[in-house]
Amino acid sequence: RASAGEEYNYPRWVRVNALKSTLEEQLETTFSKHTRAESIQDIVTKSGRHIYIDPHVPNLLAISAGMDFAKVEAYTSGKIILQDKASCFPAYLLDPRSEDGDVIDACSAPGNKTTHLAAILYKHRPEFEDAPQTIYAFEKDSRRAQTLEKMVKIAGSKSVTRIGFGQDFLQVDPTSEKYKDVGALLLDPSCSGSGIVGRDSMPELHLPDPPTENRGGKGKPAPASTNKKKRRHDEIEEPAQNVLVDDDGVETVVKSEKDLEARLEALSSFQLTLLLHAFRFPRAKKITYSTCSIHSQENERVVIRALASDIAKAKGWRILRREDQVSGLREWPVRGVVEAAEGDEIVAEGCIRSYKGDGHGVMGFFVAGFVRDSV
Ligand code: SAM
């Protein structure tokens, strides 16, 4: 089970923002006092400051915990972004290129993946000469959209990003003239958040913890509002024992397996609707779908249902197979669950997973890509 404090067994993941800096520059400046580590295990077990260059995702570093980033110039100026390795998978897997035209980030706040998309698209010309490609970043929650705006500004990608403040992606008309050049979409919708480090994945299955000063009485879970602690990832807070908190803050009291199933069903039907909406963009040729959930209902099951849909068949959408993926993710060893993919090994191999606590030092995550050949 996840437990409070488990984040201390994880490295700090640092993405170097290619719009503002380079890996080499950061190694020579911000991290010049860090010693190179041979593995993730070294980062979490050895004392002192260590650094590890990630072999899968470009421009990604893992460092020992304990650095106070509020005082680090590279962080406050947007040269580096604190982002879990798994959270870097979607934009990297989408692999947007100049020939893909405009890009949509359908559910974008706080903006980790939006800014990553910009860094991939514009790494060779960060001055945005002519800025031929636009990133449309939609965010239904206006308050979260303001956080997104701040992040996009700090990361230096504001001029190529059009933020849809309070805009519901499902209300966006795929046939609108405005989106006629959209060739790639990244979908990272709200999910159960069960992969987040420090978060219980099955809250109802655990006995209440013994009382501590910030918990309710023995056998009585504390109300969510009194049992919260600042989280590291995306500023999400730890829920009470029997509360499932989605990754965008929606709280559901989970008293039984049935409650959890009902919540997962509601989430997966919303996630599927979003994915099918993305399939409708007339010039789109690539899509990624991701969650920070470990539940197959929100992951392989959504992928399978999407592939079986009439719209997927009519438009020619198929899974992005492992052998066609960007090199780092082709090599990533943790793949989808075959049974959850109804025995379809190609689909399961195409799905990319991660599990917290498995030694890779990342959060629980899922991502799959969809492609089609002609538009
Ligand atoms: N991609 C973000 C990142 O990496 O920083 C995290 C996205 S979070 C998992 C999901 C976000 O989607 C939430 O901010 C939520 O408010 C937003 N959202 C949910 N439904 C939406 C919809 N129909 N249209 C647009 N945004 C939506």
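Residues numbered from 1 in each chain as written. Predicted model: local features only at pLDDT ≥ 70, side-chain atom pairs only at ≥ 80, totals over all residues. Heavy atoms only, no water.

Quick look at the overall build of the chain now. Check the secondary structure of the chain and you find 11 helices and 15 strands. For the chain, with 375 residues in total, the buried portion stands at 55%. Across the chain, the fraction of contacts at a sequence separation of at least 24, relative to all contacts at a separation of at least 6, is 72%. As displayed, the chain offers around 16,300 Å² of accessible surface, 49% of which is attributable to carbon and sulfur atoms. (Helix = DSSP H or I, 4+ residues; strand = E, 2+ residues; numbered from the N terminus. Buried < 20%, exposed > 50% of the residue type's maximum accessible area, 1.4 Å probe, protein only. Contact = heavy atoms within 4.5 Å. Areas by Shrake-Rupley, 256 points an atom, 1.4 Å probe, with all protein chains shown as cover.)

Okay, the sheet that holds strand 4 (residues 60-63) next. Pairing is mixed across the open sheet formed by five strands, whose spatial order is 2-3-4-1-5. Each edge of the open sheet is held by one strand with a lone partner, namely strand 2 (35-36) and strand 5 (80-82). Both strand 2 and strand 3 (residues 50-53) contribute to a ladder of two bridges, which runs parallel. In the sheet register, Thr35 faces strand 3, and the bridge partner there is His50. Here helix 5 (residues 112-122) sits on the sheet and contacts strand 1 (12-16) and strand 5; the angle it forms with strand 1, its principal contact strand, is near 40°. (Pairing = 2+ DSSP bridges. Axes fitted to C-alpha atoms, helices over the stretch in contact; angles between N-to-C directions.)

Among the nonpolar cores identified, the biggest contains 37 residues, and Ile104, Phe169, Leu185, Leu187 and Phe279 are the most heavily contacted of them. Every element with two or more residues in this core is listed here: strand 7 (135-139), strand 9 (182-187), helix 7 (257-278), strand 12 (286-291), helix 8 (300-307), helix 9 (310-315), helix 11 (345-350) and strand 15 (365-371). Not counting residues within four places of it along the chain, the set of residues in contact with Phe279 comprises Ile287, Ala306, Ser309, Ile311, Ala312, Lys315, Trp317 and Phe370. Within the second largest apolar cluster, 29 residues are counted, among which are Ala37, Ala86, Leu329 and Trp332. (Core = buried A, V, L, I, M, F, W, Y, C linked by side-chain atoms within 4.5 Å.)

On to the side chain of Ser354. Relative to the elements of secondary structure, Ser354 occurs in strand 14 (residues 352-354). Polar contacts involving the side chain of Ser354 include one to the main-chain carbonyl oxygen of Met363, which spans 2.6 Å. The contact partners of Ser354, leaving out residues within four places of it in the chain, are Ala86, Trp332, Val334, Val362, Met363, Gly364 and Phe365. (Polar contact = N/O pair within 3.5 Å; in protein donor to acceptor, adjacent residues only side chain to side chain.)

What follows concerns the state of the cysteines. Tallied over the full model, the rule gives zero disulfides. No disulfide involves Cys191; its nearest neighbouring cysteine sulfur is the one of Cys292, lying 3.6 Å away. Given a relative accessible area of 0%, Cys191 falls into the buried group. Cys351 carries a free sulfur, and the closest cysteine sulfur to it, the one in Cys191, is 15 Å from it. When its relative accessible area of 0% is taken as the criterion, Cys351 is described as buried. (Disulfide = S-S within 2.5 Å.)

The next point concerns the packing of aromatic side chains. For the structure shown, the criterion picks out 10 aromatic pairs. Look at Phe89 and Trp332: their rings are 5.2 Å apart centre to centre, the planes differ by 65°, and that puts the pair in the edge-to-face class. One end of the pair, Phe89, is in helix 4 (residues 89-94); the other, Trp332, is in the loop between helix 10 (327-331) and helix 11, with 243 residues separating them in the sequence. Assigned by exposure class, Phe89 and Trp332 land together as buried. Ring plane angle 80° and centroid distance 6.0 Å describe the contact between Phe138 and Tyr179, whose orientation is recorded as edge-to-face. Note that Phe138 is positioned in strand 7 and Tyr179 in the loop between strand 8 (161-165) and strand 9, a separation of 41 residues in sequence. This pair shows no difference in class: Phe138 is buried, exactly as Tyr179 is. Among the aromatic residues, those joined into a cluster by ring pairs are Tyr136, Phe138, Phe169, Tyr179 and Phe281. (Phe/Tyr/Trp six-rings, centres within 6.5 Å; stacked < 30°, edge-to-face > 60°.)

Taken together, 21 residues surround the ligand, and among them Lys113, Glu139, Arg144, Asp188 and Asp247 come closest. Here an oxygen atom of the ligand and a backbone polar atom of Pro110 are 3.4 Å apart. Between Asn112 and the ligand, the recorded distance is 2.9 Å, taken from a backbone N or O atom to an oxygen atom. Compared with its free state, where it exposes 600 Å², the ligand has 96% of that area covered by protein. Residue composition of the shell around the ligand, grouped by class: seven nonpolar, five polar and nine charged. (Near = heavy atom within 4 Å. Nonpolar A, V, L, I, M, F, W, Y, C, P; charged D, E, K, R; others polar.)

On to the pattern of salt bridges, then. Under the criterion given, the structure shown has 13 salt bridges. With a closest N to O distance of 3.1 Å, Arg321 and Glu323 form a salt bridge. Judged by relative accessible area, Arg321 falls into the partly exposed class, the value being 32%. (Salt bridge = Lys/Arg side-chain N within 4 Å of Asp/Glu carboxyl O.)

This part is about the environment of Arg144. Secondary-structure assignment places Arg144 in helix 6 (residues 142-154). Among all residues touching Arg144, those that are not within four sequence positions of it are Ala109, Pro110, Glu139, Asp247 and Asp248.

Now for unusual backbone geometry. Here Ala109 and Pro110 are connected by a cis peptide whose omega angle stands at 5°. Of note in the backbone geometry, Glu342 takes a positive phi value of approximately 55° without being a glycine. Inspection of the secondary structure puts Glu342 in the loop between helix 10 and helix 11.

On to helix 6, then. Here helix 6 spans 19 Å end to end across 13 residues, near enough to the 18 Å set by a 1.5 Å rise per residue. Of the residues making up helix 6, those classed as buried are Ala145, Leu148, Met151 and Val152. The buried residues of helix 6 occupy an angular sector of 115° when projected down its axis, which confines them to one face. Exposed residues pointing more than 90 degrees away from the buried face of helix 6 are listed as Arg143 and Lys150. Buried residues along helix 6 sit in contact with strand 5, helix 5, strand 7 and strand 8. If you check the start of helix 6, you find a side-chain oxygen 2.9 Å away from the backbone N of Arg143, and it comes from Asp141. Two residues or fewer past helix 6, Gly156 is found with a positive phi of approximately 75°. (Expected span 1.5 Å × (residues − 1). Arc of directions from axis to C-beta.)

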